[in-house]
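Now for the letters of each chain:
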Amino acid sequence: MAARKAKRVSSSFAKQSDAERHDLDSKLAAVLGSRTNANAVFDILEHLESKKEEVVQAAIRTTSKLFEVFLEKRELYIGDLPAEDDSLPDTCSAEDKYKMWMRHRYNSCVTCLLNLLQHSSFSVQELALCTLMKFIQLEGKFPLENSEWKESYRFPIELLKFVIDNLLQEETDSTLLITRFQEYLEYDDVRYYTMTATNDCIARVQQKTKQVLPPVFQTNVFCLLSSINMPVEQSSLENFLVTKNANHEDWKPTKLKEHKRVFERVWMSFLKHQLSVSLYKKVLLILHESILPHMSKPTLMIDFLTAAYDVGGAISLLALNGLFILIHQHNLEYPDFYKKLYSLLEPSIFHVKYRARFFHLANLFLSSTHLPIYLVAAFAKRLARLTLTAPPQVLLMIIPFICNLIRRHPACRALIHRPNTGDLATDPYIMEEQDPAKSQALESSLWELEVLQQHYHGDVVRAANVISRALSAQESDISGLLEISSSELFDKEMKKKFKSVPLEYEPVRGLLGLKSDITAEHFAF
Amino acid sequence: MGKSAGKKGKPPAAAAAARVIAQKARTEIRDNPFEVKINKQKFNVLGRKTGKHDVGLPGVSKSKALKRRKDTILMEYQRRGKVSVFMDKRFGEYDTKLTPDEKMMKRFAMERKKNAERKTLYNLNEEEELTHYGQSLANLEKLNDTVDSDSDSEERGALSAELTASHFGGGGGLLRKKAQSDQKDEEAEKPKSRKELIEELIIKSKQEKRERQSQKEKSLELTEKLDSDWKAIQGLLSHKTPKSERKTEEEKPKPDEYDKIVRELGFEMKAQPTDRMKSEEELAKEEQERLQKLEAERLRRMRGDKDQKSKRAKHISADDLMDGFILDNDDRVMLSYKDGAMNLPEDIELEDVGKDTIGDEDEEGSGDEEEEEGSGDDEEGSSGEEEDVEGSEDDASDNYSDLESDAGSEEPGSDAENTKMEEKEKKNKERKSGAKAAKSELPFTFAAPESYESFQSLLSGKPVEQQLVVLERIQKCNHPSLAEGNKAKLEKLFGFLLDYITDLASMDSPDLKAIDKLVIPLYNLCQMFPEAAGTCVRNALDESARAIDKMVEAKGRAALQGIHVLVHLKITAILFPTSDFWHSVVTPAMILMSQLLTLCPIYSLEDVAAGLFVCCMFLEYVSLSKKFIPELINYLLGVLHLAVPRKESLDYVLVPPFKPHGKNSELLLVGNNEDIDTWVKKPLPITAINGLSESSELEISHFKLTCIATCLDLVRRCVDIYGPLPAFREILNPITTLLSKHLPTRDYSLQIQELQADILRTIEKNNKKPYQPLVFEKQMAVPMKMFTPKLMPVLEFGRKQGCNQQERERKKLIHKHKREFKGAVREIRRDNQFLARVKLSETMERDAERKRKVKELFNSLSTQEGEWKALKKKKLKGR
């Protein structure tokens, strides 16, 4: 019974929405047909606030069609719009009055659509966003401002600003809609004005909340900013949403320099604020690739990066990449850089996600032949000490790494070859010492690698056996070993061809209870 | 060939003579300086062979060649216009394969056959007549028998004079003679008529015949008498037994004793040295040697391909390890051996088994019959018996574990043995009866299952004993030696069994007892098909690794796997040697364990149990090879850390997946001191990995304490194993710190405290070891460069040296071909020259003939003309 009822209800709903759609269509035709039916616009706009999703969608479509036509026919008032309540001067003709009235309707429609950007349904949001962008495009084409104004202002900045403000919510996560918006960011002018609008938005929110940005807002901003795909060359700036006129020399969106400046400004204003750890990591992850190269003055990032480097842990690891670019390309001098790097070497370094990246950079930093011997020795010894807790896939990478260090700095050979000295009571190396200069690594030997010659994995043993004879002059390439994971190691083993399978000769007596069965001592069925 | 055949055909003597003559001629030729051509060598070259070509006999070789040509080419040439060919159709005339003797035999046989066929088509009984020089041997024998052959032939062949006279008219002589004798006898009587004469003649001849006959008989008698007399005398003459006697007496000649022995010795097989019956010690020693060999093999694999390292790894003394192991093994082997023969208590056991089987055989008689009917092609003959034997063996192997474990405990106290033995017997009987019952219920043949479902249906719902029997029978029915595809079937069976075990293990309440039993057939199958088994286990491991990988990708960490993964790892350790440097199954298993220890954080007590299980296994894997496992140390440290009360700062470093201040960081901390006092160490139940059965506070506390004790025991083992490693102090530094400063051992029972003190003592002892600075291995000095010339073996002069074997072969072949080609061309040229010569001589001959004839004609013509002219002149003159 209930089911049937529900069915009936739904069918009646469908009927109802169908009817409303028909109603909308007929009203649209009526409004477009003759000005006398203009009051039907109210009915259409009313539907925008409907509870039903389908109706809202239909209404959005209808309004979109309606105002597109009006914009194209220039049936909206052009110029400064007086408030609706103001009494109009008599000089206005009926035509103007109509246009003004219609312009007011258009404005209220835009407001409605902006509100719909926070609608619960994503499809409605999306549709509203698309309609708004369409309006932006048409407004650019058929400006609602006076044409005597400058060409560059033809872009409907105000409208875009509203859209951006509505995208960058303070309470709700709108990353989904922002990713949808990303496709409009391909247009150079949209990108440019979005950046300026974002900058303004950040400033506004900051003022409102007094220095501390809400985390959701930050996430939204980051999502928007990270989806910005900056152009690399001036010549590629040709894709505009609003078709430009011939005289566009001074138009800012056409200049790469301006783009860069705005880009830099918006990022700086964003990064000025305290970021959450995960956001910090995300920013640092894309920093070297998609932020630093597009800044006009990358050195502005120094403060941010050094601060990040000092945080420690994974954030320090990630900051290394940006720092490397600054040191390498922008002559950044970082005192105690290597000391910091040295202090980053902790057992957990082998288990973090960004291991490959870190060792790639560490390899780069330590590739300089002008480093002092004590430093290299300290690094080598510390890494060797860490191998005592490392899983095999890391060992396969780290042993050649250490050997490369020794190869580059032949004076470090003492670490693996120190003839004619007596036995030592303890290892002279001081693990706890933070300063590599005082760690006495040069007086030590890499006994840890000798231990690894007894490792259970054959490849590790083979790698560790290298130190028992003079190292070859050729450095071994570790780039292929950096990213190897334990599952890859397993797969490698599985791919190995085997001819025969040796068997255990001790006869079996059961699951437990083989000789030297440790498990049997501690476990039972 | 023909030549050789011809030579063979000659009688050997003649051939020898010819050879001698030829030899002689050759030496003569050799001696003749005009016949010999010597290739003078200008100078001697060391190592060059100047074989047979330095001295030649051109005349001889030329004549030889000429002769050969005459035999071949000339004949051909002369026969060039002829169509008909002389064919020798005698059997085998041109067959070079037959020796002359064989040829003759065959021909003879064929001839006989031809004759026989004609005669004996319908004549079934007639024997073949044997002949000698064309005469029947039978006849010959007959003739020999009759002594008076001469007279007989005389009678038949040569007629008496009278007869001839009378038959053929007679000569005057005969008649005259007669007349004379008649005249002498019967002068008075009137002369006889012709008829009378003839009658008389007939009578006379008859009489004569009779006389002769009687004479013959007489002589025969006499000869016989003479023979017998001779026999009598013979014995006296020589000391030989008479021939006739000898024949009768010694139909089977009795050889001399001595001869017999000599013969016997001659023919007797040389006595083969047989293996001495081995004493038990020797057998044990042999077994020990076998194990030693296997162990040596294992050690070799453990060290991996490179043996150069062994020099360096001083702390693992190969000898030491081997000794220890063999000592261990030795006891075991001796015991296991004794179980078969000597050991008194087990002897009783054995007898018992025997009795049982005898007793059961009767019961099973019908069953056996059935089986023989049923199994048919499976096993010929005594399949029933075999089954029985197998069965008893199986029982024995079932008991094996008991025996072994008991054997271990036998040494300390032998008083309790008797009671134990009784118990065991009882158990055995029960089990056996159970097994027998199972056997009798089950069908005797099983087809090897093709799919896992059918395999499952075979085993499901049966008790473990029956499952074992089923598996055993499947194995036996499908033994690879019985049919072609059985190997593949049994290989599949291994996979099914492994899957089945996996299923058993991944149930909520895993049937570990069944798995424990099923491992035995698994091991047997694995011994049969190592490669297939290896692949199966690898795939199983791969599956679990993939599951972990997926989890890590999704969440960044993984949960500890279910019991089935642990069972797989355990099975790997059971089936394959874990100490190899690289092993196709064990190495992936180790990596998997490493993943389990590094990627799976601990959230609950179950995780602790599972993790400790993995740790136990990992340590077990390397217990022989003493390899270093960083993950294991990290994990044990992490687990111990769970038992430490939370503190702000730590002076030891934890390695992920453990965190210093995680939410589970006090998981193993025991709050209640009373619980600690009541704690007694007992093994952890494996099922705890799936979920703790204990619920009360007390039990959980005990569980925690057991975990800690287990962990500490593992640490102790690690300390023992890694003691000799050079950086031992650094490896165990965190654990040492934790044990000595942080672990609340004072609250624990005495047992754990002792354990901890023991560990710390061992660590302290090993920490005193001095650090020896690393030095490169001593390398062989690189030999100095020498300036002695490089020596290369020169095998053949005049050949290109530097190329490889193949090229050389090819060049040799080309060279040979060239030489042969030249030789052939020369031969052909010589042949042509010879032919031309023959043709020339023929033409010359023909021309000469023609000239002669022409000359003759001219002669005759000129004489004719001369005559004609003379006649004409005459006429003219006459006119």
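If you're wondering where the values come from, they're calculated on a predicted model, not measured in any experiment.

A. Molecular detail of the overall build of chain B. Helices and strands together make up the secondary structure of chain B, namely 31 helices and 5 strands. For chain B, with 879 residues in total, the buried portion stands at 33%. In chain B, the share of contacts with a sequence separation of at least 24, taken over all contacts with a separation of at least 6, comes to 69%. Accessible surface, chain B: about 59,200 Å² in total, of which carbon and sulfur atoms supply 55%.

B. Local environment of the nonpolar core. Counting 289 residues, the largest nonpolar core has Phe181 and Phe270 of chain A as the members making the most contacts within it. Apart from the residues lying within four places of it in its own chain, the contact partners of Phe270 of chain A are Ile202, Gln218, Val221, Phe222, Leu225, Leu275, Leu279 and Val283 of chain A. Ranked by size, the runner-up nonpolar core spans 5 residues in total, among them Ile73, Leu74, Tyr77 and Val838 of chain B.

C. Highlighting the interface of chain B and chain A. In this assembly, 103 residues from chain B lie in contact with 81 residues from chain A. Here chain B packs against chain A, burying approximately 8,400 Å² in sum over the two surfaces, 65% of which is carbon and sulfur. Of all residues in chain B, Tyr771, Leu774 and Phe776 of chain B give up the largest surface area on contact with chain A, accounting jointly for 10% of the area buried on that side. Applying the counting criterion to the chain B and chain A interface returns 3 salt bridges. Split into classes, the residues belonging to the side of chain B that touches chain A amount to 58 nonpolar, 18 polar and 27 charged. Two elements, strand E1 (residues 523-524) of chain A and strand E5 (residues 684-685) of chain B, share 2 bridges in a ladder whose sense is parallel. Looking across to E5 of chain B, one finds that Phe523 of chain A is bridged to Leu684 of chain B.

D. Region of interest: the UniProt feature "transmembrane region" (unreviewed entry) in chain A. Residues and elements named next belong to chain A. The feature "transmembrane region" (unreviewed entry), as annotated in UniProt, sits at residues 358-380 and 386-406 in this numbering. As annotated, residues 358-380 comprises 70% helix and 0% strand, and the C-alpha atoms at either end are separated by 15 Å. Helix and strand shares over residues 386-406 are 81% and 0% respectively, and the end C-alpha atoms of the span are 17 Å apart.

E. Focus on the pattern of salt bridges. Evaluated as defined, the whole model comprises 30 salt bridges over all chains. Here Asp491 of chain A and Arg546 of chain B are joined by a salt bridge, their closest N and O atoms 3.8 Å apart. Of the two residues, Asp491 of chain A is situated in helix H20 (residues 486-495) and Arg546 of chain B in helix H22 (residues 530-555); the pairing between them involves two chains. With a relative accessible area of 44%, Arg546 of chain B lands in the partly exposed category. Arg852 of chain B is the partner of Glu849 of chain B in a salt bridge, and the nearest nitrogen-oxygen pair spans 2.9 Å. Taken as a pair, Glu849 of chain B and Arg852 of chain B lie in helix H31 (residues 805-878) at a separation of 3 residues, close to a single helical turn. A single network of salt bridges, built from pairs that share partners, joins Lys381, Arg385, Asp427 and Glu448 of chain A together with Glu730 of chain B.

The rules behind the values
Sequence order sets the numbering: in each chain, residues are counted from 1 along the sequence as written. Chains and ligands are labelled sequentially in the order written, the chains with letters from A and the ligands with numbers from 1. Predicted model: local features are reported for residues with pLDDT of at least 70 only, side-chain atom pairs are reported and counted for 80 or more only, and whole-chain, interface and lining totals are derived from all residues. Side-chain numbers here rest on the full set of heavy atoms in the structure, without hydrogens or water. Helix and strand assignments come from DSSP, with helices taken as H or I runs of at least 4 residues and strands as E runs of at least 2, each series counted from the N terminus. The rule is simple: take the accessible area with a 1.4 Å probe, protein chains only, and divide by the maximum for that residue type; under 20% is buried, over 50% is exposed, in between is partly exposed. The criterion used for residue contact is that any of the two residues' heavy atoms lie within 4.5 Å. Residue exposure ignores everything except the shown protein chains as possible cover, and the areas themselves are Shrake-Rupley values with a 1.4 Å probe. In this description, a nonpolar core means a group of buried Ala, Val, Leu, Ile, Met, Phe, Trp, Tyr and Cys residues linked to one another through side-chain atoms lying within 4.5 Å. A quick way to say it: buried area is the sum, across both parts, of accessible area lost when two parts are put together, with a 1.4 Å probe. Definition used for salt bridges: Asp or Glu carboxyl oxygen within 4 Å of a side-chain nitrogen of Lys or Arg. For this scheme, ten residues count as nonpolar: Ala, Val, Leu, Ile, Met, Phe, Trp, Tyr, Cys and Pro. Four count as charged, namely Asp, Glu, Lys and Arg, and the remainder, Gly too, count as polar. Strand pairing requires that DSSP identify at least two bridges connecting the strands. UniProt positions are given in the numbering used here, feature names are shortened, and annotations may be inferred rather than shown by experiment.

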